[in-house]
Amino acid sequence: MRRAWVLFLLVLLAGCRYTFWPLIPPEAPFPERVSVTGRLEPAGGTARAVIVVRRWPEPNYLELRWYADEELVEERSLWVETVGELEVRFPAEAGRFHRLLVVVAGRPVLQLDLGEPTLPPPPAAPSPAPGEGSKN
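No experiment lies behind these values; they were computed from the predicted model shown. (Residues numbered from 1 in each chain as written. Predicted model: local features only at pLDDT ≥ 70, side-chain atom pairs only at ≥ 80, totals over all residues. Heavy atoms only, no water.)

All right, on to the overall build of the protein chain then. Looking only at helices and strands, the protein chain features one helix and seven strands. Scanning the protein chain from its N terminus toward the C terminus, one meets helices and strands in the order α-β-β-β-β-β-β-β. The proportion of buried residues among the 136 residues of the protein chain is 21%. In the protein chain, the proportion of contacts linking residues at least 24 apart, taken out of those at least 6 apart, comes to 51%. Taken as a whole, the protein chain presents about 10,900 Å² of accessible surface, with 58% of it coming from carbon and sulfur. (Helix = DSSP H or I, 4+ residues; strand = E, 2+ residues; numbered from the N terminus. Buried < 20%, exposed > 50% of the residue type's maximum accessible area, 1.4 Å probe, protein only. Contact = heavy atoms within 4.5 Å. Areas by Shrake-Rupley, 256 points an atom, 1.4 Å probe, with all protein chains shown as cover.)

Right under this line is the structure:
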């Protein structure tokens, strides 16, 4: 009889997956991420971009896309091996909105703007439907 209870208990406990080992996941290393900051300043007929690479896990290209309003004007790729400061100049017209998009491995990591964006006019107020006038 005692043997039956032990067998029953063994079968019952075998059904519990984490009965004997604690549920502790293995430690995963924190992924290496890119950290880039910068500033964009007007400098005469050009724009001066100062890009500071703070964390850079492995040598790779840093892609720079320069826009004037909504038009892509110029693209550059810079080979970056380690952290540091980069300075790049782009043509800039006064009175236009300019944007620098910094991309690493196909992902945008930083956007810098220079100037005021041109926004579409706000939508007009909807006119009242027929028969919906102001009733006094």
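Below, the discussion takes up the nonpolar core. One finds Leu40, Leu62, Leu64, Leu100 and Val102 to be the most contacted residues of the largest nonpolar core, which totals 20 residues. Apart from the residues lying within four places of it in its own chain, the contact partners of Leu64 are Ile51, Glu74, Glu75, Arg76, Leu78, Val88, Phe90, Leu100, Leu101 and Val102. (Core = buried A, V, L, I, M, F, W, Y, C linked by side-chain atoms within 4.5 Å.)

Time to look at the pairing of strand β2 (residues 46–55). Here strand β1 (residues 35–43) pairs with β2 via nine bridges, running antiparallel. The residue bridging Glu41 from the neighbouring strand is Arg48, located in β2. In this antiparallel pair of consecutive strands, β1 and β2, the connection spans two residues, and Gly44 shows a positive phi of 70°. Of the strand pairs in this sheet, β2 and strand β5 (residues 84–91) are connected by eight bridges, and their pairing is antiparallel. Bridge pairing links Thr46 to Pro91 in β5. (Pairing = 2+ DSSP bridges.)

Time to look at the pattern of salt bridges. Under the counting rule described, the total for this entry stands at 11 salt bridges. One salt bridge in this structure joins Glu41 and Arg48, with 2.7 Å as the shortest N-O distance. The exposure class of Glu41 is partly exposed, given its relative accessible area of 27%. Arg96 is the salt-bridge partner of Glu71, the closest N and O atoms lying 4.0 Å from each other. Taken together, the residues span a long stretch of sequence, with Glu71 in strand β4 (residues 71–80) and Arg96 in the loop between β5 and β6 (98–104) at a distance of 25 residues. Its relative accessible area of 47% is what places Glu71 among the partly exposed residues. Arg96 sits in the partly exposed class, given a relative accessible area of 25%. Residues participating in the shared-partner salt-bridge network are Arg39, Glu41, Arg48, Glu87 and Arg89. (Salt bridge = Lys/Arg side-chain N within 4 Å of Asp/Glu carboxyl O.)

A separate point is the sheet that holds β2. Each strand in a sheet pairs with another by means of backbone hydrogen bonds, the pair being arranged parallel or else antiparallel. If you walk across this open sheet you meet the three strands as β1-β2-β5, and the pairing is antiparallel. Both edges of this open sheet fall to β1 and β5, since each of them pairs with a single strand only. On average, each strand axis in the sheet is inclined to that of its neighbour by 20°, with strand direction left out of account. (Axes fitted to C-alpha atoms, helices over the stretch in contact; angles between N-to-C directions.)

A separate point is unusual backbone geometry. We note that Asp69 has phi near 55°; this positive angle belongs to a residue other than glycine. Inspection of the secondary structure puts Asp69 in the loop between β3 (60–68) and β4. Looking at Asp69, the relative accessible area reads 25%, which means it is partly exposed. In this structure, Ala105 takes a positive phi of about 55° despite not being glycine. In this fold, Ala105 is placed in the loop between β6 and β7 (107–114).

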